Amino acid sequence: MADEELEALRQRRLGEIRAEHGDPAADPSQQEAKQREAEIRNTILAQVLDQAARARLSNLALVKPDKAKAVENYLIQMARFGQLPGKVSEQGLIEILEKVSQQTEKKTTVKFNRRKVLDSDEEDDY
């Protein structure tokens, strides 16, 4: 094989390894696509939320990013289907947060596994 072919194979394999491990420098086109998607999300959220609600959502994103992402997805979906009559206020965002919290609430159960003990009360020590 020629040196150029070998180098091309190495670069391609290096790119595949970086993409598998989530290296941000792996593929510039993927990075640009993610950046464009983030800009679109921010634009939609800016149109849908008022200033106080936007501030509350950004504070939530600092503490619980997964819950904030779920709320953002919910708001974007509602906006795309035209289910939002106007800008969502802070009180409206709180109601949406409660809905999302109820849907994603984890139920905790505790199960006791009692061990059977060989010591019985029937046999008294003499």
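Keep in mind that this is a model prediction, so the values were computed, not measured.

Attention now goes to a negative patch on the surface. Where like charges cluster on the molecular surface, the negative patch consists of Asp3, Glu4, Glu5 and Glu7. By secondary structure assignment, the location of Glu5 is in helix α1 (residues 3-20). Residue Glu5 is classed as partly exposed on the basis of its relative accessible area of 46%.

The next subject is helix α4 (residues 65-80). Since there are 3.6 residues in each turn of an α-helix, residues three or four apart along the chain are aligned in direction. Spanning 16 residues, α4 covers 22 Å between terminal C-alpha atoms, matching the ideal 22 Å at 1.5 Å per step. Restricting attention to buried positions, one finds in α4 the residues Ala68, Val71, Glu72, Leu75, Ile76 and Met78. Buried residues along α4 cover an arc of 160° about the axis, so they all sit on one side. Residues of α4 that are exposed and angled more than 90 degrees away from the buried face: Asp66 and Arg80. Looking at the packing, one finds that the buried side of α4 touches α2 (28-48), α3 (51-63) and α5 (90-103). Following α4 by one or two positions, Gly82 has its phi on the positive side, about 70°.

Another aspect to go through is the confidence of the model for the protein chain. Predicted confidence across the protein chain gives a mean pLDDT of 82, with 86% of residues reaching 70 or more. Mean pLDDT values for the elements of the protein chain range from 80 in α1 up to 91 in α3.

Right, let's get into the pattern of salt bridges. What the rule picks out here adds up to three salt bridges. Between Arg13 and Glu16 there is a salt bridge; the shortest N-O distance is 3.3 Å. Of this pair, Arg13 and Glu16 both sit in helix α1, three residues apart, which is roughly one turn of that helix. Glu16 gets classed as partly exposed once you look at its relative accessible area, which sits at 35%. Measuring nitrogen to oxygen at the nearest pair gives 2.8 Å for the salt bridge that ties Glu90 to Arg56. Separated by 34 residues along the polypeptide, Glu90 in helix α5 and Arg56 in helix α3 bring together distant segments of the chain.

Ranked by size, the top nonpolar core spans 18 residues in total, and within it Leu49, Leu57, Val71, Leu75, Val88 and Leu93 carry the most contacts. Broken down by secondary-structure element, the contributors of at least two residues to this core are α2, α3, α4 and α5. It is α4 that provides the largest number of residues to this core, a total of five residues. Once you skip the residues sitting within four places of it in the chain, Val71 turns out to touch Leu57, Leu93, Ile96, Leu97 and Val100.

A few words now on the packing of aromatic side chains. This model, assessed by the stated rule, comprises zero aromatic pairs. Positioned above the aromatic ring of Phe112 is the side chain of Arg114, whose terminal nitrogen or guanidinium carbon lies 5.8 Å from the ring centre.

Here the focus is α2. In a regular helix each residue adds 1.5 Å, so 21 residues correspond to 30 Å; α2 covers 30 Å between its end C-alpha atoms and thus fits that length. Every buried residue of α2 is listed here: Arg41, Ile44, Leu45 and Val48. Mapping the buried residues of α2 onto a view down its axis gives an arc of 95°, with all of them on the same face. Among the exposed residues of α2, those oriented more than 90 degrees off its buried face are Pro28 and Gln47. Of the surrounding elements, those touching the buried residues of α2 are α3 and α4.

Scoring rules and cut-offs
- Residues numbered from 1 in each chain as written.
- Predicted model: local features only at pLDDT ≥ 70, side-chain atom pairs only at ≥ 80, totals over all residues.
- Heavy atoms only, no water.
- Patch = residues over 30% accessible without salt bridge, like charges linked within 9 Å, V, L, I, M, F, W, Y side chains within 5 Å.
- Areas by Shrake-Rupley, 256 points an atom, 1.4 Å probe, with all protein chains shown as cover.
- Salt bridge = Lys/Arg side-chain N within 4 Å of Asp/Glu carboxyl O.
- Lys, Arg positive; Asp, Glu negative; His and termini not counted.
- Charge placed at Lys NZ, Arg CZ, Asp CG, Glu CD.
- Helix = DSSP H or I, 4+ residues; strand = E, 2+ residues; numbered from the N terminus.
- Buried < 20%, exposed > 50% of the residue type's maximum accessible area, 1.4 Å probe, protein only.
- Expected span 1.5 Å × (residues − 1).
- Arc of directions from axis to C-beta.
- Contact = heavy atoms within 4.5 Å.
- pLDDT = per-residue confidence, 0-100.
- Core = buried A, V, L, I, M, F, W, Y, C linked by side-chain atoms within 4.5 Å.
- Phe/Tyr/Trp six-rings, centres within 6.5 Å; stacked < 30°, edge-to-face > 60°.
- Lys NZ or Arg CZ within 6 Å of the ring centre and 35° of its normal.

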